[in-house]
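Results of the structural survey
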Amino acid sequence: MKKKLVINIFAFCLFTILACSSYSVKTELKNNKSLSKLKRVGIVIRLSRDGGIVADEQINSINSWMGDYKSIKEISIISDCSEEVILYGSMQERFYQLSDNKRFLRYKSIGVVNLYLRKNESELRKIIEENNLDGLVIYEIYDVISAAMQYMDFDSVVVIVDKNFNIVYLDHQSNGYESREIDYTVVKNYLMDKISERFIRKLLNLKFMKK
């Protein structure tokens, strides 16, 4: 009985933090004609070297969320990638580029994406060819977790490129959330769920998946 009560309390807290928050996603580029031609896509997760979340953890979280939906396009998460593809170090390497007054810099961000594609072209092309893909969905994430301050936030960029490495979609998002928890692992799991939910919503919106 006591165990059931603990589970119910945990579920309630999780529901509260997930239900009472939203996402501020802004689309910068969307080529509907090119998106419609993508039938088989691979997902690449890109994270900060200094973040609290590692690739395998976020991939597992996204996989769990995807299990509740049906795929319209053939979707595969690419987990066997080099650090150059899935990790970034400095702020200058991020797709998420801001001005001094915190305004998103669209063209600078596109420039960073194109530089990333050129630097990693050989590996990315191999991924596309070996998996018979029409394109890649690159999900870049920057996370901040402070269990002591009961706060977490994340910035993200979703970039979709076709097999010729043309950018056919780009959006960005930045949100912060409060938590009633002080346990780091619990707060981290909350944040990974938020990161996954933001991504799943985008796949649904783009009609890559359906309920």
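Look a little higher up for the structure.
An account of the accompanying structure is given in this report. As the structure is a prediction and not an experimental result, all values here were calculated from the model.

**Details of the pattern of salt bridges**
Here the idea is simple: oppositely charged side chains can pair when their charged atoms come close. Tallied over the full model, the rule gives 11 salt bridges. Notably, a salt bridge pairs Lys188 with Glu57, separated by 2.9 Å at the nearest N-O pair. You can see Lys188 sitting in helix 7 (residues 184–205) and its partner Glu57 sitting in helix 3 (residues 55–66), a full 131 residues away along the chain. The class for Lys188 is buried, based on a relative accessible area of 12%. Glu57 gets classed as partly exposed once you look at its relative accessible area, which sits at 28%.

**Observations regarding the side chain of Asn175**
Along the polypeptide, Asn175 turns up in strand 8 (residues 167–178). At 2.9 Å, the side chain of Asn175 forms a polar contact with the backbone nitrogen of Ser24. In this view, Asn175 contacts Ser22, Tyr23, Ser24, Asp153 and Phe154; residues no more than four positions away in its chain are not counted.

**Regarding the environment of Ala55**
You can see Ala55 is positioned in helix 3. Residues within four places of Ala55 in sequence aside, it is in contact with Leu47 and Ile86.

**Thoughts on the environment of Leu191**
Note that Leu191 resides in helix 7. Considering only alpha carbons, one finds Leu191 and Phe154, 37 residues apart in sequence, at a separation of 8.1 Å. Setting aside chain neighbours within four positions, we find Leu191 in contact with Ile53, Asp143, Val144, Ile145, Met152, Asp153 and Phe154.

**Quick notes on the packing of aromatic side chains**
Tallied over the entire structure, the rule returns six aromatic pairs. Seen from their ring centres, Tyr23 and Phe154 are 6.4 Å apart, and the 70° between their planes marks the pair as edge-to-face. Taken as a pair, Tyr23 in the loop between helix 1 (2–19) and strand 1 (25–30) and Phe154 in strand 7 (residues 151–162) lie far apart in primary sequence, 131 residues in all. Given a relative accessible area of 15%, Tyr23 falls into the buried group. Ring centres of Phe154 and Tyr177 lie 6.4 Å apart, and the angle between their planes is 25°; on these two criteria the pair is classed as stacked. On the criterion of sequence distance, the pair formed by Phe154 in strand 7 and Tyr177 in strand 8 is long-range, its members being 23 residues apart. With respect to burial, Phe154 and Tyr177 carry one shared label: buried. Taken together, the ring pairs connect Tyr23, Phe154 and Tyr177 into an aromatic cluster. The ring of Tyr142 carries the charged tip of Arg94 above its face, separated from the ring centre by 4.4 Å.

**Some points on helix 5 (residues 106–119)**
Helix length check: helix 5, at 14 residues, gives a terminal C-alpha distance of 20 Å against a target of 20 Å (1.5 Å per residue), a fit within 8%. For helix 5, the set of buried residues is Ser109, Ile110, Val112, Val113, Tyr116 and Leu117. Viewed end-on, helix 5 has its buried residues packed into an arc of 160°, placing them on one side of the element. More than 90 degrees from the buried face of helix 5, the exposed residues found are Tyr107, Arg118 and Lys119.

**Here we look at the pairing of strand 8**
Where burial is concerned, most of strand 8 is hidden: nine out of the 12 residues are buried. One ladder, built from five bridges, connects strand 1 with strand 8; its direction is antiparallel. In the strand pairing of strand 8, Lys26 is matched with His172. Across 11 bridges, the pairing between strand 7 and strand 8 is antiparallel. The partner of Val157 across the bridge, within strand 8, is His172. Counted along the chain from strand 7 to the antiparallel partner strand 8, the turn is four residues long, and its residue Phe165 has a positive phi close to 65°.

Cut-offs used in this document
- Residues numbered from 1 in each chain as written.
- Predicted model: local features only at pLDDT ≥ 70, side-chain atom pairs only at ≥ 80, totals over all residues.
- Heavy atoms only, no water.
- Salt bridge = Lys/Arg side-chain N within 4 Å of Asp/Glu carboxyl O.
- Helix = DSSP H or I, 4+ residues; strand = E, 2+ residues; numbered from the N terminus.
- Buried < 20%, exposed > 50% of the residue type's maximum accessible area, 1.4 Å probe, protein only.
- Polar contact = N/O pair within 3.5 Å; in protein donor to acceptor, adjacent residues only side chain to side chain.
- Contact = heavy atoms within 4.5 Å.
- Phe/Tyr/Trp six-rings, centres within 6.5 Å; stacked < 30°, edge-to-face > 60°.
- Lys NZ or Arg CZ within 6 Å of the ring centre and 35° of its normal.
- Expected span 1.5 Å × (residues − 1).
- Arc of directions from axis to C-beta.
- Pairing = 2+ DSSP bridges.

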